[in-house]
Protein chains: 2
Amino acid sequence: MARKQGSHAGITGPKVRDVALRLFARYGYAAVSMRQIAREVGVQAGALYLYTPDKQTLLFDLMRGHLDELLSAWAEADKGGPPAARLEAFARFHMRYHLDRPDTIFIAYMELRNLEPDNFAEVERLRDLYEASLIDILDAGRAEGVFQVPDTRLAAKAAISMLNGVTTWFREGGRLGQGEVESIYWDMLRKSVSG
Amino acid sequence: MARKQGSHAGITGPKVRDVALRLFARYGYAAVSMRQIAREVGVQAGALYLYTPDKQTLLFDLMRGHLDELLSAWAEADKGGPPAARLEAFARFHMRYHLDRPDTIFIAYMELRNLEPDNFAEVERLRDLYEASLIDILDAGRAEGVFQVPDTRLAAKAAISMLNGVTTWFREGGRLGQGEVESIYWDMLRKSVSG
DNA sequence: GTCTATATTCTGATAGAC
DNA sequence: GTCTATCAGAATATAGAC
């Protein structure tokens, strides 16, 4: 028989973040109320404040957590090697990682403006760190003469924008499978930085 | 001496849309209150309802207006000719048009989820119409053998994502001018659809 | 750790005076 | 066409019982 009351140590906290993630992604941070989150978690609104000091921190924690994980996931996935191989690894990693976490990624891009200045600065710093890892690959490839790009910082931005685009429309079970889409996007990216 | 009252026929209506556009872009539709809009327009909250039946319609009108203008602007800018020339025209038109209207574009992409179903369907229809004009160009180029893309629908989505990316970071007065950025992006796009 | 109850402020929208 | 006044409900967050 389901408990309506009592301790759920260690369970409610993550659940609050899971529910907030899903609701923020679906309706937007500003449109979601703490009551709505509480209802889906299965607690009273007041109880949420045991797990987060306020709504803003809840959003910030989701974003920072995402970027921390993204950075360490790429650090692990990056096997080094020649720039062209690293670029392909980056492109495929980026698309897979993002397609596996649609809600997280949606929030990371859409809710930047709802972060308070200090929180925004920290999120931007982490995002720039990730972008820097792509710029490094492009710089290495340009030095070796395998990539022809006039500006690696710009090329990195263009590449990430293109790859991000996948997440806005791709749904499993559509006309093309994820592997096909990945290959087509990678092929376009490869050509775009080649002679 | 400034009037605090009286008729402003034909002025307040557009001003309401201008202010709403700016505030929605800056803080998000859900986070902006009708009172906040009224304050910046310089009227009382109740007076807004003379110009829009409700907040949702205000958002929808901004989006539909934007897409109507985008479609007719491209219809006028499209001079025809060989596919490669049309693609370059499209790319440059798209970047310029979007960089000239940052607030409008921000809303068009970020506030889709805040549209009620019927309004969303109409906005999506107009957006697909715009995307179809790019697919047409890619199809024509592929038929002539000047573009090598395995899937023109996918390539259109990838291209638009990449070009849209410019609007998220470009600011006049930065390291590169708008013309340089346009040329670099166009060059990447050109290569990405070539052999 | 969760509850109920509540303080305080704000929300979208309407009514009716002028 | 704009005003003031107001409705009914919802918002974030806190206090204190258990």
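Residues numbered from 1 in each chain as written. Chains lettered and ligands numbered in written order. Predicted model: local features only at pLDDT ≥ 70, side-chain atom pairs only at ≥ 80, totals over all residues. Heavy atoms only, no water.

Looking at helix 2 (residues 34-41) of chain B
All names here are of chain B. Looking at helix 2, one finds that the buried residues are Met34, Gln36, Ile37, Ala38 and Val41. The secondary structure elements touched by the buried residues of helix 2 are helix 1 (12-27) and helix 3 (55-77). Just beyond helix 2, the residue with positive phi is Gly42, at close to 100°. (Buried < 20%, exposed > 50% of the residue type's maximum accessible area, 1.4 Å probe, protein only. Helix = DSSP H or I, 4+ residues; strand = E, 2+ residues; numbered from the N terminus. Contact = heavy atoms within 4.5 Å.)

Considering the domain arrangement of chain A
All names here are of chain A. Once the domains are mapped, chain A shows domain 1 (1-52) and domain 2 (53-192). Computed from C-alpha coordinates alone, the two centres of domain 1 and domain 2 are separated by 29 Å. At the interface, 15 residues of domain 1 touch 14 residues of domain 2. Of the roughly 1400 Å² buried at the junction of domain 1 and domain 2 (both faces included), carbon and sulfur atoms supply 71%. Of all residues in domain 1, the largest losses of buried area upon contact with domain 2 belong to Leu21, Tyr29 and Thr52, amounting jointly to 48% of the total for that side. Counting every contact that joins domain 1 to domain 2 gives zero salt bridges. Summed over the shared surface of domain 1 and domain 2, the result is six residue pairs in polar contact (both at pLDDT 80 or more). For the side of domain 1 that touches domain 2, the secondary-structure elements that each account for two or more residues are helix 1 (12-27) and helix 2 (34-41). Looking at the side of domain 1 that touches domain 2 element by element, the count peaks at seven residues for helix 1. Residues of the side of domain 1 that touches domain 2, tallied by class, amount to eleven nonpolar, two polar and two charged. (Domains from an automatic or database assignment. Buried area = accessible area lost by both parts, 1.4 Å probe. Salt bridge = Lys/Arg side-chain N within 4 Å of Asp/Glu carboxyl O. Polar contact = N/O pair within 3.5 Å; in protein donor to acceptor, adjacent residues only side chain to side chain. Nonpolar A, V, L, I, M, F, W, Y, C, P; charged D, E, K, R; others polar.)

Topic: the side chain of Asn114 of chain B
By the element assignment, Asn114 of chain B lies in the loop between helix 5 (102-110) and helix 6 (117-144). Residue Asn114 of chain B is classed as buried on the basis of its relative accessible area of 16%. Within the local environment of Asn114 of chain B, its side chain forms a polar contact with the side chain of Glu111 of chain B, the two groups lying 2.6 Å apart. Those residues in contact with Asn114 of chain B that lie beyond four places of it in its chain are Tyr27 of chain A together with Tyr29, Gln56 and Leu59 of chain B.

Concerning the packing of aromatic side chains
Given two aromatic rings, their pairing is described by the distance between the two centres and the angle made by the two planes. Throughout the structure, instances matching the rule amount to 14 aromatic pairs over all chains. Look at Trp74 of chain B and Phe93 of chain B: their rings are 5.3 Å apart centre to centre, the planes differ by 45°, and that puts the pair in the tilted class. Here the residue Trp74 of chain B occupies a position in helix 3, and Phe93 of chain B occupies one in helix 4 (residues 83-100), the gap between them amounting to 19 residues. An identical accessibility class is assigned to Trp74 of chain B and Phe93 of chain B; each is buried. An aromatic cluster is present here, built from Trp74, Phe90, Phe93, Tyr97 and Tyr130 of chain A joined pairwise through their rings. Taking the ring centre of Tyr29 of chain B as reference, the NZ or CZ of Lys55 of chain B above it sits at 4.6 Å. The lysine or arginine in question, Arg101 of chain B, covers the ring of Tyr97 of chain B, its NZ or CZ lying 3.6 Å from the ring centre. (Phe/Tyr/Trp six-rings, centres within 6.5 Å; stacked < 30°, edge-to-face > 60°. Lys NZ or Arg CZ within 6 Å of the ring centre and 35° of its normal.)

Re the interface of chain B and chain A
A common way to report how large an interface is uses the accessible area buried once the components associate. Taken residue by residue, the interface counts 36 residues in chain B and 36 residues in chain A. Across the chain B to chain A interface the summed buried area is about 3000 Å²; carbon plus sulfur atoms make up 63%. Linking chain B with chain A are four salt bridges. We note a salt bridge from Glu111 of chain B to Arg113 of chain A, for which the minimum N-O separation is 2.9 Å. At the junction of chain B and chain A, the tally comes to 14 residue pairs in polar contact (both at pLDDT 80 or more). Here the side of chain B that touches chain A gets nine residues from one element, more than from any other, and that element is helix 7 (residues 152-169) of chain B.

Here's the deal with the relation of the copies chain B and chain A
Two copies of a chain can be linked by a rotation about an axis combined with a shift along that same axis. Between chain B and chain A, which share one sequence, the superposing operator has a rotation angle of 180° and an axial displacement of 0.1 Å; the RMSD is 0.1 Å. Expressed as an axis order, the relation between the two copies is that of a two-fold axis. (Least-squares fit on C-alpha atoms with pLDDT ≥ 70 in both.)

Structural notes on the nonpolar core
Counting residues in each nonpolar core, the largest one holds 118 residues, and the members touching the most others are Phe24 and Ile37 of chain A together with Phe24 and Ile37 of chain B. Among all residues touching Phe24 of chain A, those that are not within four sequence positions of it are Tyr29, Val32, Ile37, Lys55, Leu58, Leu59, Leu62, Ile107 and Glu111 of chain A together with Arg113 of chain B. (Core = buried A, V, L, I, M, F, W, Y, C linked by side-chain atoms within 4.5 Å.)

What about the pattern of salt bridges?
Pairing is possible between side chains of opposite charge, provided their charged atoms come close. Residue and element names in this part refer to chain A. Overall, the coordinates contain 26 salt bridges over all chains when judged by the stated rule. With its nearest N and O atoms 3.8 Å apart, the salt bridge here joins Glu124 to Arg127. Here Arg127 and Glu124 lie together in helix 6 (residues 117-144), a separation of three residues that amounts to about one turn. On the basis of relative accessibility, which here comes to 32%, the residue Glu124 falls in the partly exposed class. Of the residues examined, Arg127 reaches a relative accessible area of 30% and is grouped as partly exposed.

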